[in-house]
Amino acid sequence: MTSLLREARFLLSLRSAALAIACLFLLTAVAIGAGLVEVARQEAAIARIGPQQKADVAAVAAWASKGRDPGDAAYYTFHATWDPPSDLAFAAIGTRDVSPYVLRVRALGLEAQLYEGEIGNPEAALPGRFDFAFVLVYLAPLFVILLFHDLHSGEREAGRLRALEASVGSTFGFWGARVAVRGAGLFIALAIPFLVGAAVAGTAAWKVAAVLTVILAYLAFWIVLGLVVARAARSSLANAMTLAAAWMALTLILPAIGHVVINSAIPLRQGMELGVKQRTAVHRAWDVPKSETMNAFFRTHPEWKDTAPLTEAFHWKWYFAFHQVGDEAAGDLARRYHDGVLERAAWSERLGMVTPGVATQLALHRLAATDPAAQIAYQDGIRAFHGQLRRFYYPYLFRDKPFDRADFDRAPAFQPTSEDGSWPGALLAGVVLMTCLVGALGVLRSRR
Amino acid sequence: MTTEGEGKAIQIEDLVVRYGDRQVIDHLSLGVAAGEVYGLLGGNGAGKSTTLQAILGFVSPTSGRVRVVGLDPSAEPVGVRRAIAYIPENVALYDHLSARENVDYFLRLARLRPEQDEMEAAFRTVGLAEEAWSRPVSGFSKGMRQKTAIALALLRRASVLLLDEPTSGLDPGATADFNALVSRLRGEGAAILIVTHDLIGVADIADRIGFLEKGRIGDEMVAEGPDRFDLRALHDRFARVRAA
Amino acid sequence: MSVILSVAHNELRHLVRSRVALTGLILVALLTFAAALTSQAYQADQAALRERLQHAADEDFEAQPNRHPHRVVHFGHFAIRPASGLAAMDPGVEAYTGNMIFLEGHRQNSANFGDARQSSLLVRFGQLSPALVLQVIAPLLLVFIGAGMVAGERERGTLRQSLLAGVSGGALLAGKGLALGAAALVISAPAFALLLWLGVSSAARLSAVALSAGGYLAYLAFWTLLIIAVSATARRSRSALIALVGAWTFAVVLTPRVSPEIAAALAPLPTRVETDIAVQRDLRAMGDSHNPNDPYFAAFKQKTLKAYGVERVEDLPVNYRGLLALEGEKLTSSLFNRYSNQAFAAMEAQGRVMDALVVVSPTVAIRRLSMTLSETDLFAYRLFLEQAEAYRYDLVQRLNRLQATAVTAADDAAKSKSASAEARSRISAEYWRAMPHFDPARPSAADVMGRALPALAALLFWVVAGALFAAQAGRRLNRSAA
């Protein structure tokens, strides 16, 4: 305990080290602040849309209810869906800046609506966000390198090493205290702004604990790597170079190569193809006998089979039926696209098992539910909601039930699936495993 | 304007160097002519290395005048350094290069194109064993490094030689060889300034010896007759310098 | 000059003999090579895919049977963004933009299926491209190699020895800079080879190739000068390394990331949903085509009747529904354009804020220069979207005119009730085949240059600043006690 206190005082007296820790604290605070601002902006946008959407539906209802035609109502009414940021989204904005978090759909073909993009400045999205995840994954290791590369060699180069080791009782205790104090300094610089952010955002306790664990595991990896390199007993300069090279490889090069490999191993052309296919399938209906479309529709939806037969005249139920048939024609491609996105994410997790930076990035985004899996979950939510919309309108359409003003209020409302993130056990295990591996390598080397 | 020592290879007149409040060189004057060896003796903190810095253009005079082959080192440091061969106490060489490569490189920096046989002759002259010529200098002893530096100085054909504690760390045989070499260079017309606290060594070869005390020349002795210096007088004088 | 070459030669010899630096150099050169290769392969693949899809979309459009023109308005068309000339060098925003737009009547759809949305989070680490290697990785490697070039010699004493040989500080730094510059060229050679190859083999403009190469050379020259100057100024190589890694982190990693946060705060963008709702709201305010008593459409009707000199809609020589469709599309389209111009104006305001940070980071300048010349910037993307919208509007209005002229009003009115009227309301498939194809123009050379030159000027400014710093460091070296 006394040695810890001594080392803490020593650390504070080192201007460069104290400055580094203060700097990391400041960067983390700014990142947390930026994250909270972004989340507030997104929440404000979602809140803004509520009344606007209501007014829009009311305006449609105003004229469509006159004719009481359920087709008009189903065709012209848009229904809002939204994906509120989770209580941890401030720490890892993730894909929320490139994919929509609000989307309106109507009961027509879903595949033509589901992939709609958001108005975003691609040049702003390109460099990535300045959020907590960025500070932790990219910047924190640089601070570890700064504080640990000369832990041993610095004393040796200053000619103090022997005297130091001779004057302290146990060298293990001495270096242990020094490492613990420096590590704790960095941890505090990261954790305190995060905790403040979590308090503001009302983050669930288990997620706070999980993030703290992730910080700890990731810092531990870099510290152990730093110690192993320092053990190799070379100059401070060589240590700094080796560690910075490792940083470059682990946070820049390997993920970039991984991205290329994954995307070329799992090509996702289905997206563009499915757009074309759905459109063609939908419009084909105008050129084939209506019965053909209806038979195809009844095969998958026999519950409407016994409704009144179509005449020569246009009927909305045929229109909606062929939209659904169009969706079903593109269903296979849509599923493959859906699975492809998830498979790419799964492979990135596998890469995370050997690159702690990737694992940390993925773990934080999993916890914050801002990763591609969360995007897909939102799409699944929209898909389910769209099913509800169809089930809501179809009885009116197929049974020729008039659609009154009050019916507009009976339409199902979107319930955001509170996608709550999950404990990134495997990813954390990956970081810990890599830490042990590096540590074991270091021990083996120093034995030899 | 001509002064008394105009035309000497190293001419220092009334030099004052101040670092902040601290006056390191206090109205120092000295001159070294071509074909002359001047020994500058002084204890720690007497201002020996500052004097060297001023000659080499690394330190600008607070007042007074320094001229090396007629050039002002603080205005034309590069020109002055081209005229000087400087052998420091600890010779710094590129560890990954051989003696031959080091000498070749430093000569190129001095804008000289060394011939291989000239270089080998210089190595032989300084007594560097032939097996060492092509081996990385990382394994060289202090004496071998010194010899390499002297070989470099020879090849530089500089008109001014600055030697900073040249014989410290050399064994007696090597010291004798070194002194012979300095004498030869004097014979060839070089102006040689030796800065040292090795009284005995410098007495063997210097033509004049100046005692540097608190930044100024306290006394100057000139070699006379076959015995050159009165060693006892030198010794007493130096003891006073050191006590100061 | 020969002294400078000697210093450079000595430095390179050191580099080759210290195997760590050489390994790093070779590895990064290989990385550049791999980046060039994969990036080129990916772009070629994308170009082929997009061309094929556009071709298929054209064929689908032309293969439509006889149809009512309004059906074709809803059948719509696809506009697919062709790959641009130097995208293999710098994919820029490619991954963050959609590449395919469904063009239909009454709606302005977004460009969908951008890569970033369908990739794993790894895409946020940066995409492996020659631009990433040259902008981000190469400077860091140069820092590793160069941080100790002068400071290390100062620690070992050889710096003093070299200066005492009578070499000027300037010449010494020039020689070291030359060596470091040579290392930079080795790393970047595969990227320059790719640029050259793209210039020769593809549609890339030679001016863009030359300016891009020049920009990267300037960028690497800046880093070389900075590294040498810092190394010459620092007392120890470790402090030089820490200062330079700090500068790199600030300029390359931090500034580009912080700039969007500042920009987003200063010029916020609306969401698409809000825009959609606003368009619908404005449209209802302008005129409601569903309401027979709407003043706007009543006035339109009067105007039309007067223009044709008839009393009743039934007496018009053309199909009034078609005229209504033309008018309606004109209204919606003007609103789409107004809102999209607003959004783009906000984005460009953001862009100006981000570009202004060029005063603290040359990386901002090279990014802008490289993306602009590669035609993978926001400007090129906007040009594509605007051309797609213009094409959509033109196509829809052609079809609406066909509805007005080639479909009789009586058939049009009866088509949803009578099969025979419906059959008569279909016009010949020949018409579809006569429609123009979507053939977007690339940004003009003048536009590209106009946007690239300020960035190039900023880069040159940084090079000059670096050179002044290095020159000053060289002068100080002459007087320093080393």
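Definitions and cut-offs
- Residues numbered from 1 in each chain as written.
- Chains lettered and ligands numbered in written order.
- Predicted model: local features only at pLDDT ≥ 70, side-chain atom pairs only at ≥ 80, totals over all residues.
- Heavy atoms only, no water.
- Helix = DSSP H or I, 4+ residues; strand = E, 2+ residues; numbered from the N terminus.
- Rg over C-alpha atoms; globule rule 2.2 N^0.38 Å.
- Buried < 20%, exposed > 50% of the residue type's maximum accessible area, 1.4 Å probe, protein only.
- Contact = heavy atoms within 4.5 Å.
- Areas by Shrake-Rupley, 256 points an atom, 1.4 Å probe, with all protein chains shown as cover.
- Lys, Arg positive; Asp, Glu negative; His and termini not counted.
- Charge placed at Lys NZ, Arg CZ, Asp CG, Glu CD.
- Core = buried A, V, L, I, M, F, W, Y, C linked by side-chain atoms within 4.5 Å.
- Phe/Tyr/Trp six-rings, centres within 6.5 Å; stacked < 30°, edge-to-face > 60°.
- Lys NZ or Arg CZ within 6 Å of the ring centre and 35° of its normal.
- Buried area = accessible area lost by both parts, 1.4 Å probe.
- Salt bridge = Lys/Arg side-chain N within 4 Å of Asp/Glu carboxyl O.
- Polar contact = N/O pair within 3.5 Å; in protein donor to acceptor, adjacent residues only side chain to side chain.
- Expected span 1.5 Å × (residues − 1).
- Axes fitted to C-alpha atoms, helices over the stretch in contact; angles between N-to-C directions.
- Left-handed = near helix turned anticlockwise from the far one by under 90°.
- Pairing = 2+ DSSP bridges.

1. So, the overall build of chain A
Part 1: Secondary structure summary: chain A contains 18 helices and 2 strands in total.
Part 2: For 448 residues, the compact-globule formula gives about 22 Å, and the C-alpha radius of gyration of chain A, at 29 Å, lies well above that figure.
Part 3: With the C-alpha coordinates of chain A rotated into their principal frame, the extents come out at 100 × 40 × 35 Å.
Part 4: Buried residues in chain A amount to 58% of all 448 residues.
Part 5: A separation of at least 24 residues holds for 83% of the contacts in chain A among residues at least 6 apart in sequence.
Part 6: Of the roughly 17,900 Å² that chain A leaves accessible, carbon and sulfur atoms contribute 64%.
Part 7: Taken as two groups, the 43 positive and 38 negative side-chain charges of chain A have centres that lie 7 Å from each other.

2. A closer look at the nonpolar core
Part 1: With 263 residues, the main nonpolar core has A:F132, A:L139, A:F194, A:W247, B:L162, B:L193 and C:I137 as its most contacted residues.
Part 2: Take this core: its biggest share by element is 16 residues, from helix α9 (residues 206–233) of chain C.
Part 3: Ignoring anything within four residues of it in the chain, the contact list for A:F194 reads A:I32, A:L88, A:F90, A:A91, A:F132, A:V208, A:V211 and A:L212.
Part 4: Counting 60 residues, the second-largest nonpolar core is a separate cluster that includes A:L103, A:A107, A:L274 and A:W304.

3. Overview of the packing of aromatic side chains
By convention here, two paired aromatic rings are described through the distance between centres and the angle between planes.
Part 1: One pass over the structure, following the stated rule, counts 53 aromatic pairs over all chains.
Part 2: With a centroid separation of 5.0 Å and 40 degrees between ring planes, the pair formed by C:F78 and C:F102 is classed as tilted. Of this pair, C:F78 sits in strand β1 (residues 77–80) while C:F102 sits in strand β2 (residues 100–104), and the two are 24 residues apart along the sequence. With respect to class, C:F78 is no different from C:F102; both count as buried.
Part 3: Lying across the ring of A:Y396, A:K401 places its NZ or CZ 4.5 Å from the centre.
Part 4: Across from the ring centre of A:W286, 3.5 Å away, lies the NZ or CZ of C:R71, which sits over that ring.

4. Thoughts on the interface of chain A and chain C
Part 1: In this assembly, 100 residues from chain A lie in contact with 94 residues from chain C.
Part 2: Of the roughly 8,800 Å² buried where chain A meets chain C, counting both sides, 64% is carbon and sulfur surface.
Part 3: The interface formed by chain A and chain C includes 8 salt bridges.
Part 4: The partner of A:D287 in a salt bridge is C:R426, with the nearest N and O atoms 3.1 Å apart.
Part 5: At the surface where chain A touches chain C, the tally comes to 32 residue pairs in polar contact (both at pLDDT 80 or more).
Part 6: The element contributing the most residues to the side of chain A that touches chain C is helix α10 (residues 236–265) of chain A, with 19 residues.

5. A look at helix α11 (residues 270–284) of chain A
Part 1: Under the 1.5 Å per step criterion, the end-to-end length of α11(A) is 20 Å for 15 residues, consistent within 8% with the ideal 21 Å.
Part 2: Within the span of α11(A), buried status applies to A:Q270, A:G271, A:M272, A:L274, A:G275, A:V276, A:Q278, A:R279, A:V282 and A:H283.
Part 3: The elements touched by buried residues of α11(A) are α13 (316–329) and α14 (331–352) of chain A together with α2 (19–62), α3 (69–75), β1 and β2 of chain C.

6. Brief notes about the interface of chain B and chain C
Part 1: Facing the 29 residues of chain B at the interface are 27 residues of chain C.
Part 2: Carbon and sulfur atoms supply 53% of the area buried between chain B and chain C, which totals about 2,500 Å² over both sides.
Part 3: Its largest share of buried area at the contact with chain C, chain B owes to B:F58, B:H96 and B:L109, together 25% of the area lost on that side.
Part 4: Viewed at the interface, chain C and chain B are joined by 2 salt bridges.
Part 5: With a closest N to O distance of 2.8 Å, B:E101 and C:R17 form a salt bridge.

7. Concerning the environment of B:G64
Residues and elements named next belong to chain B.
Part 1: Mapped onto the fold, G64 is located in strand β4 (residues 63–68).
Part 2: Judged by relative accessible area, which is 43%, G64 ranks as partly exposed.
Part 3: The sequence separation of G64 and A153 amounts to 89 residues, and the corresponding C-alpha distance is 29 Å.

8. Overview of the packing of helix α3 (residues 99–109) of chain B against helix α5 (residues 142–156) of chain B
All names here are of chain B.
Part 1: At a minimum axis distance of 10 Å, the contact between α3 and α5 shows a crossing angle of 40 degrees. Read as a crossing pair, α3 and α5 show a hand that is right-handed. Residue-level contacts link A99, V103, F106 and L107 of α3 to T148, L152, L155 and R156 of α5.

9. Observations regarding the environment of B:L154
Residues and elements named next belong to chain B.
Part 1: Assignment of secondary structure puts L154 in helix α5.
Part 2: You can call L154 buried: its relative accessible area is 15%.
Part 3: On a C-alpha basis, the gap between L154 and E118 in space is 10.0 Å, while along the polypeptide they are 36 residues apart.
Part 4: Ignoring sequence-local partners within four residues, the contact set of L154 consists of A122, T125, V126 and L185.

10. Comments concerning the pattern of salt bridges
Part 1: Applying the stated rule across the entire model yields 58 salt bridges over all chains.
Part 2: The shortest N-O distance in the salt bridge between A:D56 and C:R284 comes to 3.1 Å. Here A:D56 is found in helix α2 (residues 15–67), whereas its partner C:R284 is found in helix α11 (residues 272–286) on a different chain.
Part 3: Residue C:K330 is joined to C:E327 by a salt bridge in which the shortest nitrogen-to-oxygen separation is 3.6 Å. Of the two residues, C:K330 and C:E327 are both situated in helix α13 (residues 320–356); the distance of 3 residues between them amounts to about one turn of the helix.
Part 4: When its relative accessible area of 7% is taken as the criterion, C:E327 is described as buried.
Part 5: Shared partners join several salt bridges into a network, and the residues in it are A:E38, A:R41, A:R129 and C:E261.

11. Side note on the pairing of strand β5 (residues 84–87) of chain B
Residue and element names in this part refer to chain B.
Part 1: A two-sided burial pattern is seen for β5, the buried positions comprising I84 and Y86 on one face and A85 and I87 on the other.
Part 2: Of the pairings in the sheet, the one linking β5 to strand β6 (residues 160–164) comprises 4 bridges and is parallel in character. Along β6, the bridge assignment pairs Y86 with L162.

12. Considering the sheet that holds strand β3 (residues 107–112) of chain C
All names here are of chain C.
Part 1: Across the sheet, 3 strands lie side by side as β1-β2-β3; this open sheet has antiparallel pairing. The sheet is open, and its two edges are formed by β1 and β3, each paired on a single side. Taken over all neighbouring pairs, the strand axes of this sheet differ in orientation by 20 degrees on average, direction set aside.
Part 2: Sheet strands touched by helix α15 (residues 378–406): β1, β2 and β3. Its angle to β2, the strand with the most contacts, is close to 25 degrees.

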